[in-house]
Amino acid sequence: MDRQIRGIPASPGIVVGHVHLLRWEVPDVRHRIISDEHINEEITRFHAALERAKERLRLLRARVEAAAGPEEAAIFDVQLSIMDDMELTRGVEELIHQNLGAEKAFDLVMLEWRTRFARHAAAMLRERVGDLTDVHIRVLSILLGLPDHDPVDLPAGARAILVTHDLTPSLTVQLDRAAIAAIATDAGTRTSHVAILARSLGLPAVVGLRTATSELTGGERVVLDGGTGMLAINPTDEEITAYHRRQREEELAEASLAELAMVEAITLDGVRITLRVNVDIPEEAEAATRSGAEGVGLMRTEFLVVGRAAMPDEEEQYRAYRRVVEAFAGKPVIIRTFDIGGDKLPVGGYPSEPNPFLGWRAIRMCLDRPDLFRVQLRALLRAAVHGDLRIMLPLVVTLDEVHAARRLLADAAEELQARGVAHRTDVPLGVMIETPAAAVASDTFTRDVDFFSIGTNDLVQYTLAVDRGNANLADRFTPLHPAVLKLISRTVEVAEAGGIDVAVCGEMASQPLMAFALLGLGVRQLSVAPRSVPLVKRIVRGVTFAHAKEAAAAALRARTAEQARQELASRLGAAIGDAPYLYDGLPAAR
Ligand code: PEP
Ligand code: MG
C-alpha cells in the first residue's frame, strides 16, 4: 500500500473501491481581458456554458426524480430558474462588454448575488445562497473546462468511495446509493450530521481525514474502514484479501450480536433499561424495528427538509410520522420538532449566520415561524391517532419556549377540530436537555413537561465550547468531562425528584463505555443508533447496576475526562472483559 490516512470512524463497514473526488468548491478564476473583437464570441461562449449546465441539471433532475421522487428532484428547479434569470445573464453580458473574460464576468456577478442574498432580511432568500453557490460552481467548471465532479453523477453500480472536503446534509441526501459505497471527508467528527446521516443510511464513513482531498487525485483504489477510521491508498492484493477477511469477521460478529435483539436489556441485578432507537429518515423505520428496540427515542424530522427546495406539507409529514408510528405498532415513538439551522438547512442553505450553532435554529426558528410550525404540529397530532406518539422540542433554554409551543399546539388542535380531522389532544410533550442552561435550570421545566431527553451531542458542544463538527477539535470533544457528567447527573436527579422520565438520545448512549457511565448515573432509558442496540444490550446484561453506580460515582469524582475514562474502563473491563470495541468512538486520550 502507498500510505494510510487516519481519520475519525463515523460509520462502520469496510469497503474496497475507487476514489470519486468531489471538489464542490468555487474554482479560482484569473482576471482575463479580451479585445473588442472577441466580445460577441465570449458572450456566445457564456450562453453555451449556461445551456450545457442546464442540460446536465435536467438529466440529473430526471435521475433523482426516478430514484428518490419528485420532492427531492425539485431542488434542481431552483438552480435551473437561477440560470434563466434575465438580470443575471444581462449582468454578465455587460461585464463582458467591458472587456472581461466570460468566466471572470460570471464569477463577479455570482459573488455579488451571493453576498446580496446572504445579507437579505428574508430567511427564504438567505437560504438560496446554497443554490447560487451550486450554480456558480457548475457553470464556472464548464467555462474553465474543469472535470465535472457532480456528486450524484456516477454510473449505477460504480461502488465508488466519495472523497470530499465536507459534505453538507443536502449533498448527502442527494447521493446516489447505487453508485456510492462509502464516504470520506477532510472535515467533520462523529457527531457532525454527515456522520449521523451516514450511520442512518448504513453507508460506511470516515470523517476528519484533514488531508484526503489534497493527497488524492481521484481514481485511486482505496480501502475505507469505517470502524477504525482508516483510509488505505493503493493497497496490494494481499492487503485487500486481509481486509475482506476482516469484513467477514465483522459480519459474523454482528450476526452474533443480532441474536441479542430479542432478549431484554436487564442488568445482572435485575434493573431494566428501556432501549429505543434514533430514526433519522422515515424509510429506516421498518429496519429499525428489527433491532430489538422498544420504540423510537428520537426521530429527527429535519431530514425531511434538508435537501429539499420546499418545506413538506401537512399531508406529506403526516404520512412520514404515521409510517414510523405504525412500524413500531403501539410502542412509544418520540418525534422531535424541526431542528433546522446549524448545519441542517433546507436546500443549499449554507449557514448564512456568523454563528449558526448559536443562531436562529430549532425551537427558536419554529416559534418565530408559527405558519411553518403549526403545519408540523398538525401532522404530528394527526399521526398520534395511530399509536403512542410523543412530541419533543429541541434546543430549549427557557420555560417560555415550552409555553409558546404549547399554545401553538393548542391552536393546531383547534384547526384540526374545525376541519373535522381525526387527531389526539393528549400527546405528551417533552424537551431536549442539550444546553447547559436547560440542564442547570432543569428544575424549572419539570411541572410543565412530560419528559426530558438529554442530547449529549449538543450538550458537550455547548458546555465545553467545542464545535461538534470541527475535526481539529475532535479529541477535545470529551463527553466524560467533569462538567458534562455533573450536568447529566443533575438532570437525572431533577427528573427523578419531579417524577418525569429522563432518557439520553445523544451519541454518548451508543458508545459502550459511556452507556455504562449513563446507567450508573441513573439513566434508565437510552436511545441509540439501530446498530448499537445489541451492543448496548450486551453491556447492560453483563454488569450489575450496583457496579455501574459505583463506576459512575468514581467517574464523577475524577478531575479530568481521561481519569473518568480510566475509572470506567477498569470497572467495565473487570465485569465483561476487555475488548477494543469498548473504546470505539471515544476521543483519543490526550
Ligand atoms: C444531540 O444534540 O445530542 C441530539 C441528539 O440532537 P442532534 O444530534 O440532532 O443535534
Ligand atoms: Mg442536538
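Provided above is the structure to which this section pertains.
Residues numbered from 1 in each chain as written. Chains lettered and ligands numbered in written order. Predicted model: local features only at pLDDT ≥ 70, side-chain atom pairs only at ≥ 80, totals over all residues. Heavy atoms only, no water.

1. Observations concerning the coordination of the magnesium ion (ligand 2)
Around the magnesium ion (ligand 2), the donor atoms from the protein are Glu-434 (OE) and Asp-458 (OD), and they sit 2.0 to 2.1 Å away. Highlighted residues: Glu-434 in the loop between β13 (429–433) and α17 (436–440) and Asp-458 in helix α18 (residues 456–464), separated in sequence by 24 residues. (Donors = N, O, S within 2.8 Å, 3.2 Å for Na, K, Ca; no water. Helix = DSSP H or I, 4+ residues; strand = E, 2+ residues; numbered from the N terminus.)

2. As for the site of ligand 1
Inspection of the region around ligand 1 gives 16 residues, with Arg-300, Arg-336, Gly-455, Asn-457 and Arg-468 positioned closest. Glu-434 places a side-chain nitrogen or oxygen 3.0 Å from an oxygen atom of ligand 1. Between ligand 1 and the protein, one listed contact pairs an oxygen atom with a backbone N or O atom of Gly-455 at 3.4 Å. About the coverage of ligand 1: the protein hides 100% of its 290 Å² of free accessible area. Going through the elements one at a time, α9 (193–201), β10 (296–300) and α18 are the ones with two or more residues in the shell around ligand 1. The class makeup of the residues in the shell around ligand 1 is four nonpolar, five polar and seven charged. (Near = heavy atom within 4 Å. Polar contact = N/O pair within 3.5 Å; in protein donor to acceptor, adjacent residues only side chain to side chain. Areas by Shrake-Rupley, 256 points an atom, 1.4 Å probe, with all protein chains shown as cover. Nonpolar A, V, L, I, M, F, W, Y, C, P; charged D, E, K, R; others polar.)

3. Concerning the pattern of salt bridges
The final tally for this structure, using the stated rule, is 38 salt bridges. Between Asp-107 and Lys-104 there is a salt bridge, with its nearest N and O atoms 3.6 Å apart. Here Asp-107 pairs with Lys-104, and both are found in helix α5 (residues 102–118), just three residues apart, close to one helical turn. On the accessibility criterion, Asp-107 (7% relative accessible area) is buried. Between Arg-300 and Asp-280 there is a salt bridge; the shortest N-O distance is 3.0 Å. (Salt bridge = Lys/Arg side-chain N within 4 Å of Asp/Glu carboxyl O. Buried < 20%, exposed > 50% of the residue type's maximum accessible area, 1.4 Å probe, protein only.)

4. Quick word on the sheet that holds β10
Read around the barrel, eight strands follow the order β9-β10-β11-β12-β13-β14-β15-β16 and close on themselves; strand pairing throughout is parallel. For this sheet the average axis-to-axis angle between neighbouring strands, irrespective of direction, equals 30°. Taken together, the four bridges between strand β9 (residues 274–279) and strand β16 (residues 525–528) define a ladder with parallel strand orientation. Note that in β16 the partner of Val-277 across the bridge is Val-528. (Pairing = 2+ DSSP bridges. Axes fitted to C-alpha atoms, helices over the stretch in contact; angles between N-to-C directions.)

5. A short note on the packing of helix α20 (residues 512–520) against helix α22 (residues 545–557)
Contact geometry of α20 with α22 gives a least axis separation of 7 Å together with a crossing angle of 100°. If you check the angle between α20 and α22, you find them roughly perpendicular. Of the residues in α22, those touching α20 at Phe-516, Ala-517, Leu-519 and Gly-520 are Phe-545, His-547, Ala-548, Lys-549, Ala-551 and Ala-552. Classifying every residue of the contact of α20 with α22 by side-chain character gives seven nonpolar, two polar and one charged. (Parallel < 35°, antiparallel > 145°, perpendicular 65-115°, else oblique. Contact = heavy atoms within 4.5 Å.)

6. Here we look at the nonpolar core
One finds Tyr-321, Leu-389, Phe-452, Ile-488, Leu-518 and Leu-526 to be the most contacted residues of the largest nonpolar core, which totals 101 residues. If sequence neighbours within four positions are ignored, Tyr-321 has contacts with Met-299, Thr-301, Leu-304, Ile-335, Phe-338, Gln-376, Ala-379, Leu-380 and Ala-383. Core analysis: the next-biggest nonpolar cluster, separate from the first, contains 37 residues, Met-83, Val-92, Ala-105 and Val-135 among them. (Core = buried A, V, L, I, M, F, W, Y, C linked by side-chain atoms within 4.5 Å.)

7. Some details on the side chain of Gln-511
Note that Gln-511 resides in the loop between β15 (501–504) and α20. Reaching out from Gln-511, the side chain makes a polar contact with the backbone nitrogen of Leu-513 at a distance of 2.9 Å.

8. Observations regarding the packing of aromatic side chains
In total, this model carries two aromatic pairs according to the counting rule given. With centroids separated by 5.9 Å and ring planes inclined at 40°, the aromatic side chains of Phe-46 and Phe-106 adopt a geometry described as tilted. Of this pair, Phe-46 sits in helix α1 (residues 39–68) while Phe-106 sits in helix α5, placing them 60 residues apart in sequence. Taking the relative accessible area as the measure of exposure, Phe-46 reaches 0% and is therefore buried. Residue Phe-106 is classed as buried on the basis of its relative accessible area, which comes to 0%. (Phe/Tyr/Trp six-rings, centres within 6.5 Å; stacked < 30°, edge-to-face > 60°.)

9. Topic: the side chain of Gln-79
Tracing the backbone through its elements, the reader meets Gln-79 in helix α3 (residues 75–83). Only 3.0 Å separates the side chain of Gln-79 from the side chain of Asp-134, close enough to count as a polar contact. At 3.0 Å, the side chain of Gln-79 and the side chain of Arg-138 are in polar contact. With residues up to four places along the chain from it excluded, the contact list for Gln-79 reads Leu-57, Asp-131, Asp-134, Val-135 and Arg-138.

10. Considering the pairing of β10
Sheet faces and side chains relate simply in a regular strand, where the side chains alternate between the two faces. A large share of β10 lies buried, amounting to five of its five residues. Of the pairings in the sheet, the one linking β9 to β10 comprises three bridges and is parallel in character. Within β10, the position partnered with Val-279 by the bridge is Met-299. Of the pairings in the sheet, the one linking β10 to strand β11 (residues 332–336) comprises three bridges and is parallel in character. Each residue of the ladder has a partner; that of Arg-300, found in β11, is Arg-336.

Nothing here speaks to function; it is geometry throughout.
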